[in-house]
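# Coordinates in review
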Amino acid sequence: MPLALLDSLVRRARAVVALATLSVCSIAPVGDLGAQATPHGLSRHIHGVVEEETTGRPVDGATIVVEMPGAFAGAVPTSRTLRVDSKGRFDFRDLPAAVVRLRVRAVGFAPYEERIDLTVADRLLIVHLESAATRLDKVAVRADTLVERLGRVAATSSLDAATLAATRGQTLGETIKNLPGVAVIQFGPSVAKPVIRGLNSQRVLVMNAGLRQEDQQWGTEHAPNIDSFEASGVTVVRGAATVLYGADALGGVVRVDRATLPDSGGIRGDVALNTFSNSRQGALSLSAEGGNLVLPGVGRVGYRARLTTRVAGNAGAPDYALSNTGFRELNGSVAAGVSRPWGTAEITASRFGTELGILRQAHVGNADDLTRSMTSPPADSAFTYGIGRPSQRVNHTTLRTRLTFLAPHASEFEVVYGLQFNHRREYDNHGPLRFRDVAAFNLKLFSNSLDLRWTHQRWRGTKGTIGVSALAQGNQTLGKAFLIPGFDLWQGALYAQEELALGRLSLSGGLRGDAIAQTTIPYADQGIRSPAGTRTWRDFSGSVGAAYLLADGLDVAVRVARAWRPPTVNERYAQGVHHGTAQYELGNAALTPERSQGVEATIRYNRPSLQLEAASYANRIAGFMFLQPGAPVQTIRGAFPGYRYAQTEASLRGLELSGTWNPGTRWQFIANGTAVRGTDRANGGPLFDMPADRLSLTARWQGQHARLGEWFVGTGTQLVRTQDGVPEGTVYTLPTAGYALLQLEAGSRTLALLGRQASLSVSVNNALNTRYRDYLSRYRLFVNDAGRDVVARLTMPW
């Protein structure tokens, strides 16, 4: 999907929180703003909206640059650039407490420049731009809240750069798992698959810097191949988002954003170091960027490069080590881009590489060993950084090119092309290949995607986008064993999204049509059921929604959506042992597409000291595809739990709650809760693999100190209810007990260290070393989840 559209979505999510919360702090008259300075004196915000002087309508497409004298002692002057969203809103965070220069540019309007003093407090601005015939000489700051003319109709949650630096986990899934509506399917410490409203894998799309992530995501143990240090922000869209993102977004979207390339200033960067005691892991990430590179025939170019490495040994449960669960990563990326009066151009190349071990207790030799492994505690094993069999090696290479062209009347054309290559190799510890360096599975996935999008100007209160997208994909199966056949996939789509503002009421609607062709390639083994053939599907997705501002700080939204997705190749033709899941999977060629119809409602309350949000939803899915447990399967590679793909009529209902209370400048209390119920309408029983009800609570004490900077100390707990929604007749005993985990944290966001402002934090996960098995852990049949883990995170600019 085009990056500008995705930028609009994530900024819209941030704006609802930032503008409805921070702007409320500015209700006092302008002269009183200084009295409302935040306690974080070294981290300021500028946020607001850009409007036409004569009509008061938002100026879409405006570019805003904040030039800073140097956020850190001795640093070269820097700048940050962003485009306003479709409502004209902007939000600059983590600015220095200094005098900065604000520059605003928009086609058809006079340029605007102003010095902004951030030494006292954050600033809430409304910039009135005049036509090109005149010039804006001053900035107006309103003494009331910004009215959300077009509020969100979808439920979203976001993590900004500062929060990511303090909470970044070993994987993307682990980082977002405490957000409302989100859980993870865990495969030890190295793999965590996001689950949104009870749906996962091919129903949850991951967007990486505006490009859909294509990395064999059909496997529940195939976690997103993304370097978590690259993320400058993460936004989770909960619920069907297929109009803008395609059939893979039936359950939701995880959007990973990267910082805008600098367009001025010399070379600078950061060094990030993370350590994890449980697996004795070390992670190091180095970045460099600048905006002063001048190329012949091109001019000034912004650039960024990053290199990341991780090394981890065996993880440990409270009573024993999880043998062969170590992993290694080596990731790198480079990006370059230009910003010109006609638009922007950017190119990014990245490579993610990992080798990871698979839990040895889950891979056994026969049915008796399998039963014994599931009913007896595993033997303890010594800690090691070595990775034995079974194991996986995964490389993911991406090339992304993005062009934007400014058109008259603040409209914009955008072109995004992506080339991705995913190479997945899985190595056996049983059978004839256990002593050879030959992959049992050797899958190569090539993906080419092209997205074109036009954002048209607001006309009679309506603003919209029209886009087309295409995907060409080919998968090669080259290993000695079989799991899925090779295939070719072709996909094309046309979509439109419109928004209408009617004072306090805003309406939105969208429609998308997809055509998908899937061609399977026969496997050269008579014993494998993998016929050649082509299947095609055509269908549409749509959504309508409304948001109404009841009062300043209180709004409600309702959305109805229809979505669909066809069966993937693994769901149709899987036949073999899936190493990462330690199970035998069998596809079903007779599967038909899923079709979903859902409704959701959201209410939000925002005040300076209290922010609350509640979202509820009901979703019916016809032809819901799932893995149904069966009898164990004995193969030459060992005995494994057996699963077969099946379909049923399903309904999912849920409730998501979140709240933040700031009773003063020193204290902060945060709560997030999620409950989801999945029902098999064919028999009235529960669906497989639904997350248990969970509640996370955090209490944080914080302040400002000359040397410690913006310090904080906190404690929290994660409460998970007993999962009593387990289908009857399940072949394997599934742990369903609830549990409670204690979390501790302390640190500083602006610690003075070696003449710089560093971010340093220490957290303790599962501080009481509690024994538990999460219902969504794929190793729950064999071992407990990880025990106590002390995590230290340091990020220092240079």
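Our structure's up above, just so we're on the same page.
Computed from a predicted model, the values in this text were never measured in an experiment.

Now for the packing of aromatic side chains. Applying the stated criterion across every chain yields a total of 12 aromatic pairs. Their ring planes at 20 degrees and their centres at 5.8 Å tell us that Phe 626 and Phe 688 sit as a pair that is stacked. Taken as a pair, Phe 626 in strand 34 (residues 610-635) and Phe 688 in the loop between strand 36 (667-680) and strand 37 (694-705) lie far apart in primary sequence, 62 residues in all. Each member of the pair, Phe 626 as well as Phe 688, carries the same accessibility label: buried. Taken together, the ring pairs connect Trp 661, Trp 667, Phe 669, Trp 701 and Trp 711 into an aromatic cluster.

Once that is clear, we can look at empty space enclosed by the protein. Using a probe with the size of a water molecule, rolled over the atoms, empty space left in the structure can be pinpointed. On inspection of all chains with the given rule, the structure shows 15 cavities of 30 Å³ or more. In this structure, the largest cavity occupies an estimated 370 Å³ of space. Around the largest cavity sit 24 residues that line it, and Gln 217, Asp 248, Gln 473, Leu 489 and Thr 568 are the ones nearest its centre. Elements supplying a minimum of two residues to the lining of the largest cavity: strand 26 (462-477), strand 27 (486-502), strand 28 (505-521) and helix 6 (569-573). No other element matches strand 27, which puts 3 residues into the lining of the largest cavity. For the lining of the largest cavity, the class distribution of residues is 12 nonpolar, 8 polar and 4 charged.

This part covers unusual backbone geometry. Here the bond from Arg 389 into Pro 390 is cis, since omega is -5 degrees, no more than 30 degrees from zero. Among the structural elements, Pro 390 can be located in the loop between helix 5 (367-375) and strand 23 (391-407). The backbone phi angle of Asn 324 is positive, close to 60 degrees, even though this residue is not glycine. Structurally, the position occupied by Asn 324 is in the loop between strand 20 (321-322) and strand 21 (327-340). Residue classification places Asn 324 among the buried residues on the basis of a relative accessible area of 3%. Backbone geometry places Leu 754, a non-glycine residue, at a positive phi of 55 degrees. Position of Leu 754 relative to the elements: it lies in the loop between strand 39 (739-753) and strand 40 (756-765).

Take the pattern of salt bridges next. Applying the stated criterion across every chain yields a total of 38 salt bridges. Across the pair Arg 238 and Glu 656 runs a salt bridge whose closest N-O atoms are separated by 2.7 Å. One end of the pair, Arg 238, is in strand 14 (residues 233-238); the other, Glu 656, is in strand 35 (residues 638-661), and 418 residues separate them in sequence. No difference in accessibility class separates Arg 238 from Glu 656, as the two residues are buried. For Arg 268, the salt bridge goes to Glu 289, with nearest N and O atoms at 3.9 Å. Here Arg 268, found in strand 16 (residues 268-276), pairs with Glu 289, found in strand 17 (residues 281-295); they are 21 residues apart in sequence, far enough to count as distant. Look at Arg 268 and you get buried, because its relative accessible area is 11%. Taken together, the salt bridges that share partners define one network made up of Arg 197, Arg 238, Asp 555, Arg 559, Glu 600, Arg 604, Glu 613 and Glu 656.

Scoring rules and cut-offs
Residues numbered from 1 in each chain as written. Predicted model: local features only at pLDDT ≥ 70, side-chain atom pairs only at ≥ 80, totals over all residues. Heavy atoms only, no water. Phe/Tyr/Trp six-rings, centres within 6.5 Å; stacked < 30°, edge-to-face > 60°. Helix = DSSP H or I, 4+ residues; strand = E, 2+ residues; numbered from the N terminus. Buried < 20%, exposed > 50% of the residue type's maximum accessible area, 1.4 Å probe, protein only. 1 Å grid on protein atoms, 1.4 Å probe; cavity = no way out; pocket = protein on both sides within 12 Å on 5 of 7 lines; lining within 4 Å. Points joined across faces, edges and corners; volume = space filled by probe spheres on them. Nonpolar A, V, L, I, M, F, W, Y, C, P; charged D, E, K, R; others polar. Salt bridge = Lys/Arg side-chain N within 4 Å of Asp/Glu carboxyl O.

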